[in-house]
Amino acid sequence: MANATIASPTATTISGRRYGSMSRDRKWALRWSYFFLVLFAIFFLTPPIYMFITSLKTSAEISAESNPWWVYSPTLANYIELLTQNTYLTFFRNSAIVAVLTVIITMAISVIAAFALARMKFWGSATLATGVFLTYLIPETLLFIPLFKMFAWVNETFDIQLMNHWWTLIILYPTLTVPFCTWIMIGYFASIPKELDEAALIDGATWIQTLTKIFIPVALPGIIAATIFCFTVAWAQFLYPLAFTTSTTELVLPVGIVTTLIKGDVFNWGQIMTGALLGAAPPLIIYAFLMDYYIAGLTAGATKG
Amino acid sequence: MAQVTLRKVVKMYDEVQAVRGIDLDITDKEFIVLVGPSGCGKSTTLRMIAGLEEISGGDIAIGGDVVNDVPPKDRDIAMVFQNYALYPHMNVYENMSFGLKLKRTPKEEIDKRVKQAAQILDITELLDRKPKQLSGGQRQRVAMGRAIVRDPKVFLFDEPLSNLDAKLRVQMRTEIKKVHQKVRTTTVYVTHDQVEAMTLADRVVVMNAGLIEQVGSPNDLYHSPTTKFVAGFIGSPAMNFIPCQLEQAAGVLRVRLSDTLSFPVPADRTARYTPQVGKANLILGLRPEHITETRPHVEPNQHDFENPIDVVEPMGMETLVYFTIAGSEVCGRVNPNAGATAEKPMKLRADLSNMHLIDDSTGKVL
């Protein structure tokens, strides 16, 4: 083949072996992702589905040896009974007030704290920011005994009884939520380009105006993420209400369900499942509404790119 | 009147001196460009004028008043940032009016000024858009608009064109110059691009390692650099630096580049250079345009020589040739039709009337 001609520019095909397939590789990647996604979906959705099925059953059917995944005689009795019971509605109300107020207090503190820690360089600000995070690492199981001591001291010194009041939880929960939310917000504020507050500074904005008119709107997705987190923690917290509240009127949902619907060794499974399912509704609704906001990247276009 | 004056201005970051005591007088309505390699202190200087960095020493005055301790908003300045720093949640109109709103300017006044600035910058139809809906060039215009509406004493530009692509950069450069000709506000502009500096500035300030190397008009800097740094920094392709020696032979002062190559020094420089005879560390500085192909007509101070060419770079209107003299690479600009060929000898002509003699030990042009 010494005189092999060089392909003229008009040649339209390339002779040569074809190998590799971008689409085939992609297809396999997709198949694996679907496999694991379905696996996770089944894993995480089974408990709530089981709860839902059980909530539609009578106590007799629950204890009967029938197929646990099927409802033979569906009933709304559990729902009706719970929603007409004053105690369950009290738990719900307590939970709602505690969670909402916790969110408001937490966000008010952590947004301002995070702004100061992320942007105002002052002596010890970096150490403080790390300190905030370390606080979060201490589990509440270690904290509730010293808290008992503190409450006793407050009672002796100021004659204020903090034990067994639902509003005590509004003071307690921020100790769990503020550090984490502050940490998230520090990260979010730190991702806002420095030039943005410098531009605001030159435009004549004070620190407070920079925070309210620039940082909060720009960091809205982060603030919403922190809000969701904070609400979830406050709504689902179990240990503190178990330790610090006892009267039926002072209980919140998670503890209320367990303490009132389990009588001795009698488990009222139908109502427990119904109560838990109804209790899971508010966070679910909040997630559903805020998801779009959460995903929307509002920072796009702030700077180049 | 908005002159800006810097006196012995120093900026320390812990132990590091970013700016090491600079003096600068910027007159009213002047367009000053601070240029230098990264880390030379040009941005720091600008940010000190803006009030975004505290001054470690010295004084900065705007319009005659020392502003060392005045916060940025009270300095009556406007700044355009490299990454535009537009407020992403506000539309163009809100972005431009934000500063005026904070100053509680009446609504009609704000509206008038924003529309006027939008007209100057040709962004009237973009006023309702959000920054993310704009292209890079449009964002840059809005950033400039935000500065213009405030009608400040001084405009500060911090590498405003660095994020744009090459074509847009040239376009926006002209735009900035036009805007300055229209609004005539004292401007301090920072860039690392010497072409930008040359084209925009009334006067260029070349900075290096926290100090001002030279201040002058673009032509001054190009033709009469006072230091080796300025000589090498201004101009593209850069000035050739060839180690040399001065020798007095038969009553003629010659600059010797290699054993075989030497040129007589122009007569008008003989007196100036004679004390340097026999000294070490001398460098001949010759711009590429002063090394050309040979032509029939010989002007005074032009000398022909022959050298093998290493690399040829055709640019269209001219061709760059690279060759070696005594180990140092030299660039010349020749006519595209002069027949320059790589790895072939070529007859070249050096024009020494624009030569520079540099003392490499001090970095000064002699």
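Residues numbered from 1 in each chain as written. Chains lettered and ligands numbered in written order. Predicted model: local features only at pLDDT ≥ 70, side-chain atom pairs only at ≥ 80, totals over all residues.

## Quick notes on the overall build of chain B
- Broken down by element type, chain B carries nine helices and 21 strands.
- Taken along its principal axes, the extent of the C-alpha atoms in chain B is 80 × 45 × 35 Å.
- Counting the 366 residues in chain B, one finds 39% classified as buried.
- Considering only contacts in chain B between residues 6 or more positions apart, those separated by 24 or more positions represent 67%. (Helix = DSSP H or I, 4+ residues; strand = E, 2+ residues; numbered from the N terminus. Buried ≥ 20, exposed ≤ 12 C-beta atoms within 10 Å, placed from the backbone. Contact = placed C-beta atoms within 7 Å.)

## Let's talk about the sheet that holds strand S5 (residues 65-66) of chain B
Residues and elements named next belong to chain B.
- The four strands are arranged S2-S1-S4-S5 in an open sheet whose pairing can be described as antiparallel. Single-partner strands in this sheet number two, and they are strand S2 (16-26) and S5.
- Alignment of strand S1 (residues 4-13) against S2, held across eight bridges, turns out to be antiparallel. Pairing of Met12 across the sheet is with Gln17, part of S2. (Pairing = 2+ DSSP bridges.)

## Regarding the domain arrangement of chain B
- The domain architecture assigned to chain B consists of domain 1 (4-226) and domain 2 (240-365).
- Taking only C-alpha atoms into account, the centre of domain 1 of chain B sits 40 Å from that of domain 2 of chain B. (Domains from an automatic or database assignment.)

## Some details on the environment of Tyr87 of chain B
- Relative to the assigned elements, Tyr87 of chain B resides in the loop between strand S6 (77-80) and helix H2 (92-102).
- With 45 residues separating them along the chain, Tyr87 of chain B and Lys132 of chain B place their C-alpha atoms 10.0 Å apart.
- The contacts of Tyr87 of chain B, once residues within four sequence positions are left out, are Leu196 and Ile214 of chain A together with Asn95 and Phe98 of chain B.

## Let's talk about the environment of Thr191 of chain B
- Among the secondary structure elements, Thr191 of chain B is positioned in strand S8 (residues 186-191).
- Dropping the residues within four chain positions of it, Thr191 of chain B is found in contact with Val33, Val35, Glu159, Glu196 and Ala197 of chain B.

## Considerations on the sheet that holds strand S20 (residues 356-359) of chain B
All names here are of chain B.
- Read across the open sheet, the six strands follow the order S13-S12-S11-S14-S20-S21; overall the sheet is antiparallel. Looking at strand neighbours, the two that pair on one side only are strand S13 (262-264) and strand S21 (364-365), the edges of this open sheet.
- With two bridges connecting them, S20 and S21 associate as antiparallel partners. Opposite Asp359, over in S21, you have Lys364 as the bridge partner.

## Some points on the domain arrangement of chain A
- According to the domain assignment, chain A consists of domain 1 (44-75) and domain 2 (78-295).
- Using C-alpha coordinates to define each centre, domain 1 of chain A is positioned 33 Å away from domain 2 of chain A.

## Description of the packing of helix H4 (residues 136-149) of chain B against helix H5 (residues 166-183) of chain B
Residue and element names in this part refer to chain B.
- In the contact formed by H4 and H5, the axes pass within 11 Å of each other and the chain directions differ by 20°. In terms of orientation, H4 lies roughly parallel with respect to H5. Judged by the twist between their axes, the crossing of H4 over H5 is right-handed. Mapping the contact onto sequence places Gly136, Gly137, Gln140, Met144 and Ile148 in H4 and Leu168, Met172, Val179 and Val183 in H5.
- Of the residues that constitute the contact of H4 with H5, the class distribution is six nonpolar, three polar and no charged. (Axes fitted to C-alpha atoms, helices over the stretch in contact; angles between N-to-C directions. Parallel < 35°, antiparallel > 145°, perpendicular 65-115°, else oblique. Left-handed = near helix turned anticlockwise from the far one by under 90°. Nonpolar A, V, L, I, M, F, W, Y, C, P; charged D, E, K, R; others polar.)

## Examining the pairing of strand S17 (residues 319-325) of chain B
Residue and element names in this part refer to chain B.
- Two strands pair when backbone bridges link them, and strand S16 (residues 302-314) and S17 are joined in this way by five bridges, in the antiparallel orientation. Bridge pairing in S17 links Val312 to Val321.
- Count of turn residues in the S16/S17 antiparallel hairpin: four residues, of which Gly316 carries a positive phi of about 100°.
- Pairing of S17 with strand S18 (residues 328-334) involves seven bridges; the strand directions are antiparallel. The residue of S18 that forms the bridge with Leu320 is Arg333.
- What sits between S17 and S18 in their antiparallel hairpin is a turn of two residues, with Ala326 showing a positive phi close to 45°.

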